[in-house]
Amino acid sequence: MTPTLKFLTANLAALALLPAASAITPGDKNCQPSPLGARELFLRGSFNNWSASDAHRFVYVCDRYELYLQLQGEQSFKIGDEDWSADADFGGQARQLQLKGQSLNERFKGGHKLVLRLKDKSGSLAIQPFAGKPPKLSSAVSVSDPVALSLRFDSRNLQHKAPFGAVTPGTPLRLSLSALPGVQRASLVVAKRRLEGNQELLEYSEVQRLTLQKESKTEAGRERWSSTVVLAEPAIYGYHFEVEIAGKSYVFHNNRDPVFWTREKGSMGAGSVDPLPENPRQIRRYRQTVYAADFKVPDWARDIVYYYIFPERFRNGDRSNDPQPGREHYQNQGVERHSRWLSKPYKPGSGDGSDGVYNNDFFGGDLAGIIDKLDYIRELGANTIYMTPVFRAASNHKYDTGDYKQIDPAFGSNEDFKRLTLEAAKRGMRVIPDTSLNHVGSDSPYFNRFNNFKPGGAFDGGRLNPDSIYASWFKLDPNQAKPEDQYQGWTGVKDLPELDKNSPAFREFAYRAPDSVTRQWLDFGAAGWRMDVAPWVPDDFWREWRQVVKATRPDALTVAETWFDASKYFLGDMFDSTMNYIFRNAVLEYAAGGDARPLYAQIELMREAYPPQAFYALMNLLSSHDQARALHHFGYSDEPGASAQQRSAQALSLAKQRLRLAVFFQMVFPGAPTIYYGDEVGLGGGEDPYNRAPYPWADEGGRPDQALLADFKRLTALRHAEPVLRHGSLSAPLHLDANVIVLARQDGETWALTAMNNAATPRRIQLTLPAALQGRAWRDALNPQQAKRIASGATLTLKLPARSGQVLISVP
């Protein structure tokens, strides 16, 4: 994703929205009805991927909207309703909000109270520091009926729902609700979901309403109410139960757990009961994925270990192509060149002596540097390179595409790309490039805002050019007086003119034509594609695009950039995989000492919602070019403004210990572990641009942490050596408490037990084993030199070191 938005880590456990109480009671004569009626407003910004998250929903109190939250660092945001409606999209300045105004930018530190007041088409936002516990206001009606409170349904319990998880069309689904005697009627309500854009549009339409039948038998004095539903076509469905008890109506629906980056609440599993609301939008539906029976993901995907490269900062292999001030330009500005490879990336306004322009500083990394280090990457244990865009563009990040069909001259040539894929293949490795088919650069021949190219762009020199062959690629409005208002920038960023993805001419160029962008790079050796900002592109675009990808290279892997629950992309007609930001946040929070129980529920959500072939191909990352690096998340920072404690040796040591645990989690879990360049040698960095610092090569004066590198290699070697860790089935945890997670994996006759402990002290766990695991012998996979076998009867005792883990493999 483009760095302009400066996405920061969203810790939903910390960013808890608590509604505010008011000193004025709702019956006070000074109170006014909400100016937007029943519509709700949300704080939407870089901390939640600009989504309408329930965790950042304002509460209307008397005559104003209030929100309490915890935020850190510089943030960009706006205020809008769920659909970004024209009359509910506020930006500009906090003291004078305006409809369709620009994003607000503020620096936060700790707790804050936000007070929003609206009048006509304007408003004001007061941002106040807040310490202590926010007051609570609950308009929910509590449930007191003992029969209603006894209702139980757990979507991950086969007694309640069978079969488990995502299914193919036509599969009978048996759902059962249980309760104490006293239920008069119960119904299962199934609806089809429509989710579009970055979760702006979310709606359900009812498709079935089934009466649950009371079974004749009871269990422990409880009654079971059941029905079978068959869903005929691929889609994401929602379901809930409506129950009548003593003449009152209740809803049994999904739980209230927030899910990282995801608008809909509820991690599934055990649900909750509430009075049946008048507004169906208040129902938290369970979600059911129905995917195409012929959905196939390349077999090699489940064996991937990614090495994730930001090319400009990885390795300079050819100094002759380095960008030079006075020769290259960035839009209508110059460029900056770092004379020292190990200097910090420039950040305008930080006092580092750089100019006031973002993304125009260069170190000289290129494709030749990646080729030079292929043996290093292979020895690390990675077998697939994912690299951010390498096509011609003005910036250092290259998401502002200038020429989709040419490698940027500072990175090399098209022949260098071919050479990279060939040299990688010789080593048993693959290369997956990245691009955005959602927007281009304003400094490109397609748009040409700065007249740096021959005439012919859609916006030559800042003027509309309706005769341009590219004019139909964009949504242009000549009726606007200001040039910057005559075109649409992605999320309002005018450096990135948004493409009209419905343009037949653009679709022809992007994927339909024999020499299209999509086909060309696959023909040049790419093993697949990672697609930037996938939610902003229409679903029908991706459906057509996937067909072209698979027709061109049947074993190509398609990876989306999504941050929220990506179920809709895994129906068999769009993507094989996604960048797994839910995994990232959950694992980082766990390794930092967070409570494993709510965090692992987020991962269980994906196991339930995603088809298994997609679940085993997920790009399970920890760091990225859009988020602070793992070490920064774990408390270490050496960037400008960091405190002495953050820079200390103690902070670095603790952060690396936590990183080892997070990487252990990656390597023993289904999906594709993803190593962001430099993490393996202790490279840190917080928000953009510091998360894109150069790799600390020793021959450039760096001091890569060889001990940490050895630990990464040990863990990748473990994954490659034990097929059960890559292919083995996964069920619910054998043990889960605040600190310890124990999982069982099965691949044929082989079993693995993987255990993790995030506590600062060792833990001793006595496991009660299922019958299939009793009476077995086990070997310690992390200590192969240990000849002694571990025997298990009905129980097994695990001794887990602090902030570490253990892997036991069954012995035939």
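What you see is a predicted model; the values in this text were computed from it and never measured.

Participant: Honestly, the side chain of His 439 in this entry has me stumped. Any pointers?
Facilitator: Its location among the elements puts His 439 in the loop between β25 (434-435) and β26 (489-490). Take His 439: its relative accessible area is 0%, and that puts it in the buried class. A polar side-chain atom of His 439 sits 2.9 Å from a polar atom in the side chain of Asn 438. When sequence neighbours within four positions are dropped, the list of residues in contact with His 439 reads Tyr 399, Tyr 404, Trp 490, Leu 496, Pro 497, Glu 498, Leu 499, Asp 532 and Val 533.

Participant: Mind showing me how you'd approach helix α13 (residues 649-667) here?
Facilitator: Helical geometry note: an α-helix holds 3.6 residues per turn, so side chains three or four residues apart project in the same direction. Over its 19 residues, α13 extends 27 Å from the first C-alpha to the last, a length consistent with the 27 Å expected when each residue adds 1.5 Å. Inspection of α13 places Ala 651, Ala 655, Lys 656, Arg 658, Leu 659, Leu 661, Ala 662, Val 663, Phe 664, Phe 665, Gln 666 and Met 667 among the buried residues, and these make up the whole buried set.

Participant: Teacher, can you tell me more about the confidence of the model for the protein here?
Facilitator: Atomic detail in the predicted coordinates should be set aside for any region of low pLDDT. Mean pLDDT for the protein: 93, with 96% of residues reaching 70 or above. With pLDDT under 50 throughout, residues 2-26 is counted as low confidence; its partners more than four residues away or in other chains account for 102 contacts.

Participant: Would you mind going over the pairing of strand β28 (residues 528-531) with me for this structure?
Facilitator: Consecutive side chains of a regular strand alternate in pointing toward one face of the sheet and then the other. Across the two faces of β28 the burial is the same, with Gly 528 and Arg 530 and Trp 529 and Met 531 all buried. Handedness of the β-α-β unit built from β28, helix α7 (residues 539-552) and strand β29 (residues 557-560) comes out right-handed.

Participant: Looking at this model, I keep getting lost on the state of the cysteines. Mind explaining?
Facilitator: Here, disulfide denotes a covalent bond that connects the sulfur atoms of two cysteines. Evaluation of the coordinates by the stated rule reveals one disulfide. Each disulfide pairs two cysteine sulfurs, and for Cys 31 the partner residue is Cys 62, the sulfurs being separated by 2.1 Å. Taking the sign of the S-S torsion, about -105 degrees here, the bridge from Cys 31 to Cys 62 comes out left-handed. Remark: Cys 62 occurs in the loop between β2 (59-61) and β3 (64-80) and Cys 31 occurs in the segment before β1 (42-45); sequence separation between them is 31 residues. Assigned by exposure class, Cys 31 and Cys 62 land together as buried.

Participant: Sorry if this is basic, but what is going on with the packing of α13 against helix α14 (residues 706-721) here?
Facilitator: Each pair of packed helices gets described by two things: the angle between the helix axes and the distance between those axes. For the pair α13 and α14, the least separation of the axes is 9 Å and the interaxial angle reads 15 degrees. Looking at the two axes, α13 sits roughly parallel to α14. Between α13 and α14 the crossing geometry is right-handed. Here Lys 656, Leu 659, Arg 660, Val 663, Phe 664, Gln 666 and Met 667 of α13 lie close against α14, whose contacting residues are Ala 707, Leu 708, Asp 711, Phe 712, Leu 715, Thr 716 and Arg 719.

Participant: What am I meant to see in the packing of aromatic side chains here?
Facilitator: Centre distance and the angle of the planes are the two values used to describe a pair of aromatic rings. Throughout the structure, instances matching the rule amount to 54 aromatic pairs. For the ring pair Trp 261 and Trp 563, a centre distance of 4.7 Å and an interplane angle of 85 degrees mean the geometry is edge-to-face. Pair noted here: Trp 261 is in the loop between β15 (248-253) and β16 (272-275) and Trp 563 is in the loop between β29 and β30 (577-578), with a separation of 302 residues, a long-range link. Of the two residues, Trp 261 and Trp 563, neither departs from the other in class, the shared state being buried. Taking the centre distance of 6.0 Å and the plane angle of 70 degrees together, the rings of Tyr 569 and Phe 575 count as edge-to-face. The class for Tyr 569 is buried, based on a relative accessible area of 1%. Taking NZ or CZ as reference, Lys 398 lies 5.4 Å from the ring centre of Phe 411, over its face. Across from the ring centre of Tyr 487, 4.7 Å away, lies the NZ or CZ of Lys 494, which sits over that ring.

Participant: When you look at the sheet that holds β28 in this model, what are you seeing that I'm missing?
Facilitator: In a beta sheet, neighbouring strands pair by backbone hydrogen bonds and run either parallel or antiparallel. The four strands lie next to each other as β25-β28-β29-β30, forming an open sheet whose pairing is parallel. Two strands lie at the open edges of the sheet, namely β25 and β30, each paired on one side alone. Here β29 pairs with β30 via two bridges, running parallel. Of the residues in β30, the one forming a bridge with Ala 560 is Thr 578. The sheet contacts of α7 involve β28 and β29, and relative to β28 the element is tilted by about 160 degrees.

Cut-off values and rules
- Residues numbered from 1 in each chain as written.
- Predicted model: local features only at pLDDT ≥ 70, side-chain atom pairs only at ≥ 80, totals over all residues.
- Heavy atoms only, no water.
- Helix = DSSP H or I, 4+ residues; strand = E, 2+ residues; numbered from the N terminus.
- Buried < 20%, exposed > 50% of the residue type's maximum accessible area, 1.4 Å probe, protein only.
- Polar contact = N/O pair within 3.5 Å; in protein donor to acceptor, adjacent residues only side chain to side chain.
- Contact = heavy atoms within 4.5 Å.
- Expected span 1.5 Å × (residues − 1).
- pLDDT = per-residue confidence, 0-100.
- Right-handed = clockwise from strand over helix to strand, strands pointing away.
- Disulfide = S-S within 2.5 Å.
- Axes fitted to C-alpha atoms, helices over the stretch in contact; angles between N-to-C directions.
- Parallel < 35°, antiparallel > 145°, perpendicular 65-115°, else oblique.
- Left-handed = near helix turned anticlockwise from the far one by under 90°.
- Phe/Tyr/Trp six-rings, centres within 6.5 Å; stacked < 30°, edge-to-face > 60°.
- Lys NZ or Arg CZ within 6 Å of the ring centre and 35° of its normal.
- Pairing = 2+ DSSP bridges.

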